[in-house]
Amino acid sequence: MANSQARPPRLSTVVADQIQKELFDDHLQPGDRLPTEAELSERYQVSRSVVREAGRILDQRGLVDIRPGRGMIVAPPDGSRIVEQYEIMLGMNRASFAQLMETRLVIEVEIARLAAVRRNGELVEAMRATIERAAAHPDDYTVCMDEDVRFHELMSQASGNPFFAFFIDPVNTCLRHSYTEVRGYLAAQPATLAEHREILDAIERGDADGARTAARNHLTRVVEQQATLVPKETD
């Protein structure tokens, strides 16, 4: 077999990697401003066009936000690119809605357990507020969906592990985009709210096993009733 050499990385990629390393080494935080294009060009001894391309690479990685007149600003991790990839997989039939729900079930069951172990009173009250607001607007799809997604986001935060939130929030966002059967969703609201209360009550009393069981029951029911939430999938 003939020997082959890997193609060297483009200069813009090398500069992007260097900027990323300095961003981490300097412990920059979301909202911090990076040096100007001219300053970066001089620092790395490259053209401003190379710096601009490096900025686009960092933007694609989700590390910076680039806006005219502001330059590069450190961006908060938001998982938006993960959402895009999930939706591409669904759109190309590389994965199904049922499989996405299955992923959510496996992960959130453990999230609920950890939320009970590491219960946070402030987050518990915030979760309770989502239930109360949805219960007060049973016929408003937007409100109910907002509070449903918010409940699960808060539970991820309550787990105390930021990786869970970063992983599961895009899943829930993608699921929200998949829900198209408004009447079916609203018809299931009484069950959803009752199940959310069971999960929350277990978390509040620090019942890890109870929270896990309640979350499993809730998500299993949603998986079983997916036909009332999304159009019928084709093979």
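Structure's up top.
Model, not experiment: these values are computed from the prediction.

Thresholds, definitions, all that
Residues numbered from 1 in each chain as written. Predicted model: local features only at pLDDT ≥ 70, side-chain atom pairs only at ≥ 80, totals over all residues. Heavy atoms only, no water. Pairing = 2+ DSSP bridges. Helix = DSSP H or I, 4+ residues; strand = E, 2+ residues; numbered from the N terminus. Buried < 20%, exposed > 50% of the residue type's maximum accessible area, 1.4 Å probe, protein only. Arc of directions from axis to C-beta. Contact = heavy atoms within 4.5 Å. Phe/Tyr/Trp six-rings, centres within 6.5 Å; stacked < 30°, edge-to-face > 60°.

Summarising the sheet, strand β1 (residues 64–67) and strand β2 (residues 71–74) pair through 4 bridges and their orientation is antiparallel. Note on β2: the bridge partner recorded for isoleucine 66 is methionine 72. The loop that links β1 with its antiparallel partner β2 comprises 3 residues; one of these, glycine 69, has a positive phi angle of about 85°.

Attention now goes to helix α2 (residues 37–44). Considered for burial, the residues of α2 that qualify are Leu40, Ser41 and Tyr44. Seen end-on, α2 carries its buried residues on one side only, within an arc spanning 105°. Contacts from the buried residues of α2 go to α1 (11–25), α3 (48–60) and β2. Glutamine 45 sits one or two positions beyond α2 and adopts a positive phi of about 55°.

It is worth spelling out unusual backbone geometry at this point. Excluding glycine, residues mostly carry a negative phi; peptide bonds, for their part, are mostly trans. Backbone geometry places histidine 27, a non-glycine residue, at a positive phi of 55°. Along the chain, histidine 27 falls in the loop between α1 and α2. Overall, histidine 27 belongs to the exposed group, its relative accessible area being 64%. Look at glutamine 45: it is not a glycine, yet its phi comes out positive at around 55°. Relative to the elements of secondary structure, glutamine 45 occurs in the loop between α2 and α3.

A few words on the packing of aromatic side chains. Any aromatic ring pair is given by two values, namely how distant the centres are and how the planes are angled relative to each other. In this structure the tally under the stated criterion is 2 aromatic pairs. Centroid distance tyrosine 86 to phenylalanine 167: 6.5 Å. Interplanar angle 75°. Geometry classified as edge-to-face. With tyrosine 86 in helix α4 (residues 80–91) and phenylalanine 167 in helix α8 (residues 162–178), this residue pair connects regions lying 81 residues apart in the sequence. With relative accessibility at 15%, the residue tyrosine 86 sits in the buried group. Residue classification places phenylalanine 167 among the partly exposed positions, given a relative accessible area of 33%. Ring geometry for tyrosine 141 against tyrosine 185: centres 5.4 Å apart, planes inclined by 80°, an arrangement best described as edge-to-face. Of this pair, tyrosine 141 sits in helix α7 (residues 141–158) while tyrosine 185 sits in helix α9 (residues 182–187), placing them 44 residues apart in sequence. On the accessibility criterion, tyrosine 185 (4% relative accessible area) is buried.

Scope: geometric values only; no functional claims are made or implied.
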